[in-house]
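A closer look at the structure
Here is what each chain is made of, one letter per residue.
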Amino acid sequence: HADSIGFIDGGASGDVDYGWIYGNIIDNYIEGIALYETGGGISNWVIHSNVIISRRGETAKGDVGISAKGTNNLHIYNNLFVGYEYGNIGPVGTSALGLLKVTNTNLSVKNNLFMLNRGNNIKHYLANNYQYENNHYYNPSVQASFLFINDIPRTLSEWKTLTGETGFHDTYDSNVNPLVKDFSKLNFRLTQNSPDVDAGIDLSAYF
C-alpha cells in the first residue's frame, strides 16, 4: 500500500503500544502515517513535529495524511499537513487527518497547521473522548471541509460547535494565510509576520 510509516497490530493477539513518531518530512502519494487496529490493539501513540505532504492529485491515488483506525490514547501535536499539487496548494487525499473508527478513544489534536485547497481537513468518526485545541485550518477554496461522524461536509463554524475546539480560530477564519516563506519550493518555515508565530499553546509540560 506504500504508506510512509505504518503500524498494524497483527490480528487478535497482536498489540502495538507506546510509539512516538516525530521530526519527519513525509512526502507521499498514499498515506503518510497509518495506525491500524485489526483485533489486538494500537494505543498510546504520540505524533508530533512532522511535515506531512500529500500529492494525491498528481497520481489520482492517495488517502489520508494520518489515518487512525482503532487507535487509543493518540496525541497529535505541532504537525504541518500540506496538500501539494504541481507547486500549488492542492488536495490532501481523502482528508489530512482521518479518524476512521468510532473505537478510537482519548484523542488529543493541538497546535497543528493544515494547508489545503481541496479535500477535507479532518474526517472524524469518534463519538466521544477527544479534544481539539488551537489548530489552524487554512482552506481558502472550500469552506465546508470537515466530516464529523458522518460524511456531511461541515463548515469551520459548525466544526467548532460540534467539537468545542478553541484557540486560533477564535480570532481568525479559514482564509487566513499562514504566510510560509516559499510554498512552491516546499519551504514551509513561517515568515516573521505570520499569524502562527507564537500562536501555539505551550505543550512543554506534556513533553
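The structure this text deals with has already been given above.
The following paragraphs examine the structure supplied in this document. On a predicted model such as this, the values are computed, not experimentally measured, just so you know. (Residues numbered from 1 in each chain as written. Predicted model: local features only at pLDDT ≥ 70, side-chain atom pairs only at ≥ 80, totals over all residues. Heavy atoms only, no water.)

**Thoughts on the overall build of the protein chain**
Scanning the protein chain from N- to C-terminus turns up two helices and 20 strands. In terms of C-alpha radius of gyration, the protein chain reaches 16 Å, essentially the compact-globule figure of 17 Å for 207 residues. With the C-alpha coordinates aligned to their principal axes, the bounding extent of the protein chain is approximately 50 × 35 × 35 Å. A burial count over the protein chain gives 51% of its 207 residues as buried. In the protein chain, once contacts between residues fewer than 6 apart in sequence are set aside, the share between residues at least 24 apart is 73%. Working note: accessible area of the protein chain is about 9,200 Å², and carbon and sulfur atoms make up 48% of it. (Helix = DSSP H or I, 4+ residues; strand = E, 2+ residues; numbered from the N terminus. Rg over C-alpha atoms; globule rule 2.2 N^0.38 Å. Buried < 20%, exposed > 50% of the residue type's maximum accessible area, 1.4 Å probe, protein only. Contact = heavy atoms within 4.5 Å. Areas by Shrake-Rupley, 256 points an atom, 1.4 Å probe, with all protein chains shown as cover.)

**Digging into the side chain of N120**
Residue placement: N120 occurs in strand β14 (residues 118–124). Given the relative accessible area of 14%, N120 is considered buried. Beyond its immediate sequence surroundings of up to four residues, N120 is in contact with V92, T94, S95, A96, A144, S145, F146 and L147.

**Concerning the sheet that holds strand β15 (residues 130–133)**
Sheet architecture is open: five strands sit in the order β2-β5-β8-β12-β15, paired in parallel fashion. Unpaired on one side and paired on the other, β2 (16–22) and β15 mark the two borders of the sheet. Here the strands of the sheet are splayed against their neighbours by 5° on average, with no regard to which way each runs. For strand β5 (residues 42–48) and strand β8 (residues 71–77), the ladder comprises six bridges, and the chain directions are parallel. (Pairing = 2+ DSSP bridges. Axes fitted to C-alpha atoms, helices over the stretch in contact; angles between N-to-C directions.)

**Comments concerning the side chain of T191**
Relative to the helices and strands, T191 resides in the segment after β20 (187–190). Under the relative-accessibility criterion, T191 is labelled buried at 19%. Only 2.7 Å separates the side chain of T191 from the side chain of N193, close enough to count as a polar contact. In contact with T191, other than residues within four places in its own chain, are L179, V180, K181 and V197. (Polar contact = N/O pair within 3.5 Å; in protein donor to acceptor, adjacent residues only side chain to side chain.)

**Thoughts on unusual backbone geometry**
In this structure, Y86 takes a positive phi of about 55° despite not being glycine. Within the secondary structure, Y86 is located in the loop between β9 (80–85) and β10 (88–89). The residue N111 is not glycine, and still its phi comes out positive at about 60°.

**Regarding the nonpolar core**
By size, the foremost hydrophobic cluster in this structure holds 30 residues, and its most contacted members are L74 and I76. With four residues, strand β11 (residues 91–99) is the single largest residue contributor to this core. Aside from chain neighbours lying at most four places away, what touches L74 is L35, W45, I47, A68, L99, T105, N106, L107 and S108. Grouped together as the second largest cluster of nonpolar side chains are eleven residues, I53, L113, M115 and Y138 included. (Core = buried A, V, L, I, M, F, W, Y, C linked by side-chain atoms within 4.5 Å.)

**Remarks on helix α2 (residues 156–163)**
Among the residues making up α2, those that are buried are L156, W159 and T163. Angularly, the buried residues of α2 cover 55° about the axis, an arc narrow enough to put them on a single face. Facing away from the buried surface of α2 by more than 90 degrees, the exposed residues are S157 and T161. Looking at the buried side of α2, the elements it contacts are β14, β15, β16 (136–138), β17 (144–148) and β18 (153–155). One or two steps after α2, the chain reaches G164, where phi turns positive at roughly 75°. (Arc of directions from axis to C-beta.)

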